[in-house]
Amino acid sequence: MTDLPKTYDPSSIEPAIYKLWLDANAFRANPADPGQPYCIVIPPPNVTGALHLGHAINDTLQDILTRVARMRGMNTLWVPGIDHAGIATQAVVEKQLKEKENKTRHDLGREALVARIWQWKEQYGDRIIEQLKRLGSSADWSRTRFTLDEGLARAVRQTFFKLFKDGLIYKGKRLVNWDIHLQTSISDDEIYHETVKTSLWHIKYPIVDDAPSARGTGILPVSSSAHGQDARATHMVIATTRPETMLGDTAVAVHPDDPRWNWAIGKSVLLPLLNKKIPIVADPILVNMEFGSGCVKVTPAHDPNDYAVWQRQNGNIDIINILTPDGRINENGGPYAGLKRDAARKKVVEDLTAQGLLEKEEPYETQIGHSDRSKTAVEPYLSEQWFVHMAPLAEPALKVVRENKIKFFPERHAQQYLSWLGEKRDWPISRQLWWGHRIPIWTKEIDASTAAPIDSLQSQTIRDTQIIMRTVIAEDRGANYVCIPPGHPDIEKEFEAQGFIQDPDVLDTWFSSALWPHSTLGWPDETPDLKKWYPTSVLVTGRDIITLWVARMVMAGLYNMGDIPFHHVAINPIILDGKGERMSKSKGNGVDPVDIIDSYGGDALRFTLTQMATETQDVRLPVKKLADGRNTSDKFDAGRNFANKLWNASRFALANLAEIAPQPIDEKSWSITDRWILSRLMRTIQDADAALSAYRFDLYAKACYDFFWRDLCDWYIEAIKPELKSGPRQAQVAHILAATLDHSLRLLHPIIPFITEAIWAKLCEVRPERGIPGRIMACASPLLIHAAWPHFNDDLTSEGAEHVFTQLQNLIIAIRNIRNEYKVDQKTPISLSISAPGDSARQILANQPLIENLATCKIVEVKADLVPIPNSARGSASNCDIYAHNLANAETQDQRLSKRREELNKQISALRGRLSNESYTAKAPAHLVKQTQDQLAEAEAELARLS
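Below, the structure is looked at part by part. None of the values given here were measured: they were computed from a predicted structure.

Rules and cut-offs
- Residues numbered from 1 in each chain as written.
- Predicted model: local features only at pLDDT ≥ 70, side-chain atom pairs only at ≥ 80, totals over all residues.
- Heavy atoms only, no water.
- Core = buried A, V, L, I, M, F, W, Y, C linked by side-chain atoms within 4.5 Å.
- Buried < 20%, exposed > 50% of the residue type's maximum accessible area, 1.4 Å probe, protein only.
- Helix = DSSP H or I, 4+ residues; strand = E, 2+ residues; numbered from the N terminus.
- Right-handed = clockwise from strand over helix to strand, strands pointing away.
- Pairing = 2+ DSSP bridges.
- Axes fitted to C-alpha atoms, helices over the stretch in contact; angles between N-to-C directions.
- Contact = heavy atoms within 4.5 Å.
- Salt bridge = Lys/Arg side-chain N within 4 Å of Asp/Glu carboxyl O.
- Phe/Tyr/Trp six-rings, centres within 6.5 Å; stacked < 30°, edge-to-face > 60°.
- Parallel < 35°, antiparallel > 145°, perpendicular 65-115°, else oblique.
- Left-handed = near helix turned anticlockwise from the far one by under 90°.
- Nonpolar A, V, L, I, M, F, W, Y, C, P; charged D, E, K, R; others polar.
- Disulfide = S-S within 2.5 Å.

Some points on the nonpolar core
Argument step 1. One finds F160, Y417 and L421 to be the most contacted residues of the largest nonpolar core, which totals 218 residues.
Argument step 2. Here this core takes 14 residues from helix α22 (residues 697–725), the largest share from any one element.
Argument step 3. Membership of the second largest hydrophobic core comes to 37 residues, among which are Y205, V252, A264 and L271.

Now the structure itself:
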């Protein structure tokens with residue numbers, strides 16, 4: 001055997017191990033293979049991005065589940081892929097075009113710009129895939145998908161056609177989030193909010209008595225006793241942070257119960273600067289009587305709350321858009337037409353001041369939404385868009401979660417899904433971009449009085465094809481709409497020859513992402529992949545896209561497939577910096593996971609992130625900057641330290657196993673230590689299985705860590721070192737060591753795959769057969785990635801062995817504490833007398849060599865009710881009193897005992913509190929509750945003896 005190198009160097013091992021897996025096609029999935037199907041689809045990262053810690057934790061957890069399922073013998077598929085990220089990608093390329101060539105997209109034209117973006121994608125689009133490979137991801141790369149791939153594009157087109165056919169897609173004017181810089185509507189998740197220092201302007205709106213010029217008053221009933229109060233008021237003072245939007249005011253709202261102003265409901269105000277009358281309406285939802293003057297301007301086309309007022313008023317007030325797509329005041333702004341937003345604000349304030357209509361201006365801070373792509377302030381904007389009617393799609397999606405057909409982990413995240421989807425707000429799906437899935441609608445404007453019926457436009461070819469044609473008439477104008485299913489370019493050309501024009505907009509990126517679980521498996525075709533792996537097993541994602549993506553995938557899966565897209569949704573925490581802020585390049589607090597891999601190794605990164613994957617919403621990662629400008633964190637020391645421990649312990653085990661010839665197992669020769677370590681191994685398998693089934697990755701990592709570092713390394717290997725050198729039990733302890741190392745590697749492999757695969761190869765050379773017949777699996781796969789997951793065997797659990805060995809551990813720790821307290825050299829044995837009751841005394845004598853070896857001591861005598869030894873240091877553990885000869889006098893011993901009594905009182909209080917907690921006693925595993933009860937009994941007994 002070639003020994004493991006003395007020092008673990010991940011940079012030399014990890015690339016070789018990954019190549020080994022690729023050469024063996026270890027990640028490939030075949031629908032024809034046996035085994036229960038298990039499938040995960042990756043949340044596709046944006047093609048514009050680079051891997052960050054959010055991706056790293058998310059993909060590590062997916063890889064853990066994938067590797068565990070593969071080891072359990074399931075037919076396992078992890079589908080990788082990338083999202084085209086319409087707005088983000090186009091913004092990047094347009095920025096480059098402007099910087100390098102001083103051109104806009106309009107200078108190039110649609111086809112040329114899209115060609116440029118494809119070139120950019122081919123150059124940079126694979127970098128995330130390569131970074132995922134550095135992380136150790138075991139996805140089936142032969143199935144890598146891109147949301148603009150031909151197959152996925154067909155799925156998008158088919159879904160749109162189906163929705164249009166079913167009357168669930170329509171065109172209408174609605175209030176949307178508008179990116180002035182990119183001139184497109186954007187989704188809620190593409191907005192971030194920043195606190196902005198601005199002003200609050202208080203503007204006078206003169207009250208006029210005659211009837212308003214709007215279509216109605218929107219009067220709500222008010223009590224007659226309120227009328228007439230403050231009737232002498234000549235104007236209302238209205239505060240706003242956006243004075244330029246007053247050009248689009250169509251009403252002023254007051255609360256119907258506000259005696260200051262309800263007398264004015266039904267009257268009008270004169271809109272300053274434009275001098276047109278707008279009504280005073282009642283709205284108890286918009287207006288808070290306790291805030292400000294009690295009067296609120298209503299600008300429905302440029303504020304979502306005001307838009308809601310317009311809807312509640314049932315058309316009794318107007319809705320007026322005052323902006324052009326590039327953020328200038330349009331013709332509805334009168335003398336301010338043509339001015340940009342900021343210039344219009346300045347001019348409006350100047351004119352209000354000049355006319356004596358500005359009462360005051362005061363400093364103010366407010367939250368302003370900004371586009372995540374252009375970093376400019378977002379405008380609520382009235383725009384004509386394509387929408388999906390959500391109510392018919394939302395109700396089935398709500399039902400499957402309410403009935404637990406889809407379960408969220410942690411369960412609390414289901415509420416966010418249910419609350420958002422329960423609103424059933426129609427979804428604006430069109431984006432004013434050129435990069436993406438173009439909307440498959442062809443339109444021809446018509447004159448309603450002279451237009452020929454749309455049926456007369458159909459040729460025989462068109463009649464033979466299932467297409468959807470609709471005519472929409474508004475007053476004397478209208479339009480013919482044609483929706484064509486995928487795969488009919490000839491019909492598209494025929495309609496275009498008749499003057500029909502394809503809609504210039506593209507679909508929201510989330511539209512194609514909503515189809516991801518079934519489009520990536522081949523839908524709309526009935527592929528073997530789709531039959532085998534749909535529905536998928538689990539989705540691992542962040543809480544920030546539960547509404548935008550998870551809910552839409554459920555709706556799309558039920559609509560297209562008639563079935564849920566996945567059974568479970570596991571929500572991973574968001575990683576923040578040490579101050580609790582989101583990581584970002586602009587803030588300078590981002591940590592590049594590739595930098596961590598270069599410094600610590602992929603396994604160290606994965607292990608640390610898995611430990612951090614708790615049920616909390618966010619976890620903090622302190623960040624420090626290196627001399628070369630890169631960011632890192634000391635948190636990853638934990639992962640590196642564990643990898644080094646695994647490597648060094650394995651080197652020791654392999655070196656000894658290589659020198660010891662295997663012999664048949666003789667269970668009769670097993671010691672209490674052997675039975676304890678095998679029982680602890682079974683408990684660890686049990687704990688790992690339970691943690692994984694609940695998606696508690698942190699508990700899974702803890703169970704593996706505690707077993708390997710504490711149980712196996714700190715106790716079992718230390719205990720058997722003398723026997724590994726020589727003696728009648730040499731072969732037996734070697735075999736148990738080989739079996740426990742084997743299962744440790746299997747348990748740890750999904751978290752830290754590189755190092756475990758490397759050690760596994762050496763273990764297979766030294767001990768090809770290392771099972772325990774009838775107890776622990778003997779089959780050893782050449783590759784750990786294909787090895788079987790450990791099975792829990794209750795026959796190997798032993799509460800008796802665990803109880804006795806725990807008592808011995810406590811005794812050994814107490815002796816070590818005495819040595820440390822009195823600063824005895826670690827190599828110098830100390831002499832002990834131990835006072836112990838009958839059963840304890842028998843166990844101590846039966847395991848005397850073990851205690852003396854691990855505590856570096858010499859036990860002189862063991863008996864019940866031993867008389868205290870003069871000038872001895874005293875300790876207590878496991879219902880025993882320990883006397884270390886010639887280490888202390890009476891005064892120092894009294895001080896020590898007093899301190900110990902204080903410690904015991906605190907311990908007893910804590911244990912009693914834990915056991916009085918019904919949540920703990922009902923939910924914790926029975927053996928843990930019993931362990932707590934034993935600890936309490938022992939602490940109480942020790943306190944009684946010391947008292």
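Considering the pairing of strand β2 (residues 75–79)
Argument step 1. With 5 of its 5 residues buried, β2 lies for the most part within the structure.
Argument step 2. Burial along β2 is two-sided: N75, L77 and V79 and T76 and W78, pointing in opposite directions, are all buried.
Argument step 3. Running through helix α2 (residues 53–71), the crossover from strand β1 (residues 37–41) to the neighbouring parallel element β2 is right-handed.

Regarding the sheet that holds strand β30 (residues 857–863)
Hydrogen bonding along the main chain pairs the strands of a sheet, whether they run parallel or antiparallel.
Argument step 1. If you walk across this open sheet you meet the 4 strands as β30-β29-β32-β31, and the pairing is mixed. Both edges of this open sheet fall to β30 and β31 (873–877), since each of them pairs with a single strand only. For this sheet, the mean angle separating the axes of adjacent strands, direction not counted, is 25 degrees.
Argument step 2. The sheet strands contacting helix α25 (residues 799–821) are β29 (830–835), β30, β31 and β32 (880–884), and the helix crosses β31 at an angle near 155 degrees.
Argument step 3. Sheet contacts for helix α26 (residues 838–846): β29, β30 and β32; angle to β30, the most-contacted strand, approximately 150 degrees.

Describing unusual backbone geometry
It is generally the case that most residues other than glycine have a negative phi and that most peptide bonds are trans.
Argument step 1. Going from F409 to P410, the amide bond is cis rather than trans, its omega being -10 degrees.
Argument step 2. Looking at the secondary structure, you find P410 in the loop between β15 (407–409) and α11 (413–423).
Argument step 3. A cis amide bond links W523 to the next residue, P524, at an omega of 20 degrees.
Argument step 4. Note that P524 resides in the loop between α15 (516–519) and α16 (528–533).

Quick notes on the pattern of salt bridges
Argument step 1. Under the defined criterion, the tally for this structure stands at 53 salt bridges.
Argument step 2. A salt bridge links R842 to D839, with the nearest nitrogen and oxygen atoms 2.1 Å apart. Within this pair, R842 and its partner D839 are both found in helix α26, separated by 3 residues, close to a single helical turn. For the residue pair R842 and D839, the accessibility class agrees, reading exposed in each case.
Argument step 3. Residues E903 and R900 are paired through a salt bridge, measuring 3.2 Å at the closest nitrogen-oxygen approach. In this pair, E903 and R900 both sit in helix α28 (residues 890–915), 3 residues apart, roughly one turn of the helix.
Argument step 4. Relative accessible area serves as the criterion here: at 26%, R900 is assigned to the partly exposed category.

A short note on the packing of aromatic side chains
To describe a pair of aromatic rings, one takes the distance between the centres and the angle between the planes.
Argument step 1. Applying the stated criterion across every chain yields a total of 31 aromatic pairs.
Argument step 2. Ring plane angle 35 degrees and centroid distance 4.7 Å describe the contact between W178 and Y381, whose orientation is recorded as tilted. You can see W178 sitting in strand β5 (residues 169–179) and its partner Y381 sitting in strand β14 (residues 378–388), a full 203 residues away along the chain.
Argument step 3. Arranged with centres 6.3 Å apart and planes meeting at 20 degrees, the rings of F642 and W709 form a pair that is stacked.

Examining the packing of helix α21 (residues 672–693) against α25
Argument step 1. Viewed as axis vectors pointing N to C, α21 and α25 meet at an angle of 110 degrees, and their least axial separation amounts to 8 Å. Judged on the interaxial angle alone, α25 and α21 are roughly perpendicular. As for how α21 packs across α25, the hand of that crossing is left-handed. Together, I672, T673, R675, W676, S679, R680 and R683 of α21 and E799, A801, E802, V804, F805, L808 and Q809 of α25 make up the contact between the two elements.
Argument step 2. A breakdown of the residues in the contact of α21 with α25 according to their chemical character gives 6 nonpolar, 3 polar and 5 charged.

Describing the state of the cysteines
Argument step 1. Taken as a whole, this structure holds 0 disulfides when the rule is applied.
Argument step 2. You can see C704 has no disulfide; the closest cysteine sulfur is in C713, sitting 13 Å from it.

A few points about the packing of helix α23 (residues 730–748) against helix α24 (residues 753–766)
When two helices pack together, you describe them by how their axes are tilted relative to each other and by the distance separating the axes.
Argument step 1. Relative orientation of the contacting elements α23 and α24 amounts to 150 degrees, with a least axis distance of 10 Å. The orientation of α23 with respect to α24, classified from their angle, is roughly antiparallel. Considering only the axes of α23 and α24, their crossing is left-handed. In contact with A738, L741, D742, L745, R746 and L748 of α23, α24 contributes T756, I759, W760 and L763.
Argument step 2. Of the residues assigned to the contact of α23 with α24, the class counts are 7 nonpolar, 1 polar and 2 charged.

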